[in-house]
Each structure stands twice: as structure tokens, then as C-alpha cells.
Amino acid sequence: MRRQVAVIDYGMGNLHSVAKALEHADPAVEVVVTADPVAIRAAERVVLPGVGAIRDCLGEMARLDLIGVITEVATEKPFLGVCVGMQALLTESEENGGTAALGLIPGRVRRFPENLRNSDSRQILKVPHMGWNQVEQLHPHPLWEGIAQQSRFYFVHSYYVQPEIETDSAAVTTHGLRFTAAISNGNLFAVQFHPEKSQEVGLRLYQNFIRWDGSHP
Amino acid sequence: MGRGPGSNSVGVAKRIIPCLDVDNGRVVKGVQFVDIRDAGDPVEVARRYDEQGADEITFLDITASSDNRETMVHVVEQVAGEVFIPLTVGGGIRKVEDIRRMLNAGADKVGINTAAVFNPEFVREAADRFGSQCIVVAIDAKQVSGEGEPLRWEIFTHGGRRPTGLDAVAWAEKMVAYGAGEILLTSMDRDGTKQGFDLPLTRAISDAVSVPVIASGGVGELKHLAEGVLEGHAEAVLAASIFHFGTYTIAEAKSEMAAAGIEMRL
């Protein structure tokens, strides 16, 4: 049987791009885009993508009865959350007037404040934080293999995650403030940026994920 | 986390976005690369720009007949399967269903232009449904103030031929309030002139709105791109002909902008 990656399809995300990038990163892997809990449980590893508003994302996960299986696989097999698929893993979000999330990683999702500036500039920073920004890896991890420190990845978001436990943070990026750009906890990894839109470094991260056994570094 | 904010990183890079006009699934308006097999093939042209370091790619669907719109969906699918940088599709986006199809095909953002002017609620509906991050409102503006008067620009439709009476700055603010996540600003006075962006216009809009502004219209030399950022306060610059004709590569444009002190992804 070919090694399978399940991309969870709950109608909220650029699934085509994520699936294509995974296939491109490792042509030997079989990518299954699915909302079927049986298929998700059967896969060797799982990607949770997501774009748009977090309440809609969580609402669709609940409607499709996916919360249980997501919680289960996120603690059992190599698991990668992307963008809102990362934010959904936290305890709660400020978005949509306060939204309870999955609670797999203790912490909050916060909005970038207004009148945000970098220390070296007078110009007010734009929100959404949109474009290629540097990612500072905080500790070695199999998913950073072959990716240079401070590589630029593509971001597009107005909210950022703030994990309570400092060691859950795997990388930081600066946009007026230093925020967590990646989370690492056991078999779970999650990124705020879009690897599927980050050219070679993004494809390398997907390739690393496909080869990762899910163990602690 | 140890060091203070912004101690070594200078933040998000300014973006260079080549724009391709696509008619019935073919790139038009003369892409002239040497050693390209098929200069009309959107996949091949996009791949080339990706290799040169383009930060995003924008496709403008200029297909006249709505019967042929489906062709654009296939173009996006093919490009998104091979080029892993953000893709924006504009032209003919009038309904929620148009947006859904483009996003499902692999587009990251859609550009809404005329439809926003005739039905601003469409922008609100689109942003509610798909999120502001994928809604780019395209604004075509033209100076209407006379000599000696305070500068003023208005929104024009139909390729700059039809005035709407809408003030460009106020319109941009309204579109952001309705949920636009980005503004693609084209000066109809400068478009095609190669004289550089309308910098006062770009700056007026960039300083008025909280979301990123892409400057467009008038790029003829590389220094124009840097001006768009440094003097126009744009987050991104869009150009077509200087890249298509091979006058400059994206890589050359990036080095020039970096040399001007602009943060770029090199």
C-alpha cells in the first residue's frame, strides 16, 4: 500500500494547492483529500488546512462531525496544521467576538493591534500581514531539515497565535511584534504561513513532514 | 523570548507581482522571452516568472465572451499545480460562485473591479464568505483636479473611459470597511505611459487604508518600482510590459529595489 497523507476537507481552504504541493514534494506519496473520518484515521499522516474566518472553520468541522477525529489524530500521528488550521488548535480566538477552539494547544489567537510599527520604521504596518517574512527557528526539528534559519515564507493573516507554554513555540516572525509562526508539540506541528505558497522552502517543509516519524526532536 | 521586538529581523518583504493578460486561456500582450517554447502558455510563463523570483503572479482574464470563462478555471488549475507562489485572478469576477470556482481551482485571491463599483455589497458578501485575505479590490483612478487645485482622483470604469463621480480615496476606505483585504490601485493616467506610477495618488491611498496597496500603471524603468514603495508607500508593485518584453528580469528588479534600501525576498 502506498503511504497516505490525508488532507482534511471541511470546505474551508485552498485544498487543491495543499494537495498539489504535497504531491510535488514527494511524488511517491498518495494524497487523499477527504472529510471521511475512516479515511482520516487510516492515513499515515494528516494535514489540517484552513483559510477564512475561524468560526466558520470550526463550525464546518463540527457540522461534518470532524472534531473527534481531528482531536484523535492530532495526538496520535504526524499532524500538520496550516494557517487557520493552526489557529483552530488553540484554546480560543479573539476573532468573531471570541470563539472557543479545539484546545489541543493551550493559548489564545489574537488580532494584530492597530498602529503597529517595527522599531526601525515610522511607517504603520499593514494588517493583514501579507507577504514573505523571515521565520526564526527556535530549536532544531525534523521539519526544519534543510531549511535555512530566517528563510522567508508566505504569510497572509490578521490574527496570530500566542501559546501559553513557551516550548510549544517552534519559530517566531516579526511584524511589529514577535509572534509564534510555528508550533511544535510531540507528533503535532503547525505553521501560520502557507508552505504550499512558499516556493522551494515550503515544498521542503512538506517533504520533511512526509518523511517525519512524528517523534519528539 | 530573549531579544526585544524587531531586534534583527526587518519584517515582511515588499513584493513584485508580474501581471499576465489572458484571453481564452492564452497569454496575450506579447510576452517575449528568449528561449521560451510557447510564450502564450500561461503555465510556462508563470513558471518562468516563478524561477526569476516573482513574489506572486496576477492573471487578468480579458476574455470577452462569458462562454469562455471556464477556460480560465483550467488555466488556474494547471498553474497552481506547478507554481507554488500566490496566484491572484482578476477580470470577470461578478458573483460569489465566480470566486468559489477560482479559489477551488487554486487561486489564492480574486480581484473585484467593476462589480464592486456597481454593487459594493458584493465585496462585503465575498469577504464574509471567503475571508478578507482573498478579496482584492481593484481600483482604476484618474486625476480630476485641475491645475492649481488640491489633488483629487476619481474612480473610472470601462478601461478609464467612464467616470463614476466616486472619490478614489474615499472609495478605497469604503472598500476596506466592506472587507477588502488588499487594494490593487491602477492610475489610468499613467497606465501604458512608462512614466512611472502616479506617486501622489499611490501615497494618498496607501496612507489612508490599513490594508496593503499594490501600485500599478506606468512602470517603464526599474527605478519606478522603488519609487512606488519609497514615495508611494505601496506594499507591492505590479508591472507587465517591462518584464514581458524581457527588458528586465524580476531578479534585476529585486536587486535594484534592495539596493535602494527596500526589504526584498532575494
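If you're wondering where the values come from, they're calculated on a predicted model, not measured in any experiment.

1. A short note on the pattern of salt bridges
Residue and element names in this part refer to chain B. Counting across every chain of the model gives 28 salt bridges over all chains. Of the charged contacts in the structure, one is a salt bridge between Lys109 and Glu182, with a shortest N-O distance of 2.9 Å. Of this pair, Lys109 sits in strand S5 (residues 109–112) while Glu182 is found in strand S9 (residues 182–187), placing the two residues 73 residues apart along the sequence. Residue classification places Lys109 among the buried positions, given a relative accessible area of 2%. Classification of Glu182 as buried rests on a relative accessible area of 1%. One salt bridge connects Asp167 with Arg152, and the closest N-O pair in it is separated by 3.1 Å. Note that Asp167 is positioned in strand S8 (residues 162–167) and Arg152 in the loop between strand S6 (135–143) and strand S7 (153–157), a separation of 15 residues in sequence. Note on Arg152: relative accessible area 35%, which makes it partly exposed.

2. A short note on the interface of chain A and chain B
The partner chain B presents 45 residues to the 40 residues of chain A that form the contact. Taken together, the two surfaces of chain A and chain B that pack against each other cover about 3500 Å², and 50% of this comes from carbon and sulfur. Contact with chain B buries area across many residues of chain A, yet Lys126(A), Met130(A) and Trp132(A) alone supply 21% of it, more than any other trio. Inspection of the region where chain A meets chain B yields 2 salt bridges. Between chain A and chain B we count 18 residue pairs in polar contact (both at pLDDT 80 or more) in total. Of all the secondary structure elements, the ones that give two or more residues to the side of chain A that touches chain B are helix H1 (15–25), strand S8 (129–137), strand S9 (151–157), strand S11 (169–175), strand S12 (177–185) and helix H6 (199–211) of chain A. For the side of chain A that touches chain B, the element with the most residues is S8(A), which contributes 7 residues. Partitioning the side of chain A that touches chain B into residue classes produces 10 nonpolar, 20 polar and 10 charged.

3. Description of the packing of helix H3 (residues 96–105) of chain B against helix H5 (residues 121–130) of chain B
Angle between the axes and distance between the axes are the two parameters that describe a pair of packed helices. Residues and elements named next belong to chain B. Viewed as axis vectors pointing N to C, H3 and H5 meet at an angle of 40°, and their least axial separation amounts to 10 Å. Taken together, the axes of H3 and H5 are oblique relative to one another. In this structure, H3 crosses over H5, and the sense of that crossing is right-handed. Contacts between H3 and H5 pair Val96, Ile99, Arg100 and Leu103 from the former with Phe122, Glu125, Ala126, Arg129 and Phe130 from the latter.

4. Observations regarding the confidence of the model for chain B
Residue and element names in this part refer to chain B. For chain B, the average pLDDT comes to 90, and 93% of its residues sit at 70 or higher. Below a pLDDT of 50 lies the segment residues 1–9, which in the model reaches 20 contacts outside its immediate sequence neighbourhood of four places, other chains included. Confidence estimates for the predicted assembly give a pTM of 0.94 and an ipTM of 0.93.

5. A look at the side chain of Lys126(A)
With respect to the helices, strands and loops of the structure, Lys126(A) is situated in the loop between strand S7 (105–111) and S8. Of the side chains bearing the opposite charge, Asp207(B) lies closest to the buried Lys126(A), which forms no salt bridge; the N-O distance is 6.1 Å. Here the side chain of Lys126(A) touches Ser206(B) through a polar contact of 2.6 Å, landing on its backbone oxygen. A polar contact of 2.6 Å, which involves the side chain of Lys126(A), links it to the backbone oxygen of Val209(B).

Conventions and cut-offs
- Residues numbered from 1 in each chain as written.
- Chains lettered and ligands numbered in written order.
- Predicted model: local features only at pLDDT ≥ 70, side-chain atom pairs only at ≥ 80, totals over all residues.
- Heavy atoms only, no water.
- Salt bridge = Lys/Arg side-chain N within 4 Å of Asp/Glu carboxyl O.
- Helix = DSSP H or I, 4+ residues; strand = E, 2+ residues; numbered from the N terminus.
- Buried < 20%, exposed > 50% of the residue type's maximum accessible area, 1.4 Å probe, protein only.
- Contact = heavy atoms within 4.5 Å.
- Buried area = accessible area lost by both parts, 1.4 Å probe.
- Polar contact = N/O pair within 3.5 Å; in protein donor to acceptor, adjacent residues only side chain to side chain.
- Nonpolar A, V, L, I, M, F, W, Y, C, P; charged D, E, K, R; others polar.
- Axes fitted to C-alpha atoms, helices over the stretch in contact; angles between N-to-C directions.
- Parallel < 35°, antiparallel > 145°, perpendicular 65-115°, else oblique.
- Left-handed = near helix turned anticlockwise from the far one by under 90°.
- pLDDT = per-residue confidence, 0-100.
- Lys, Arg positive; Asp, Glu negative; His and termini not counted.

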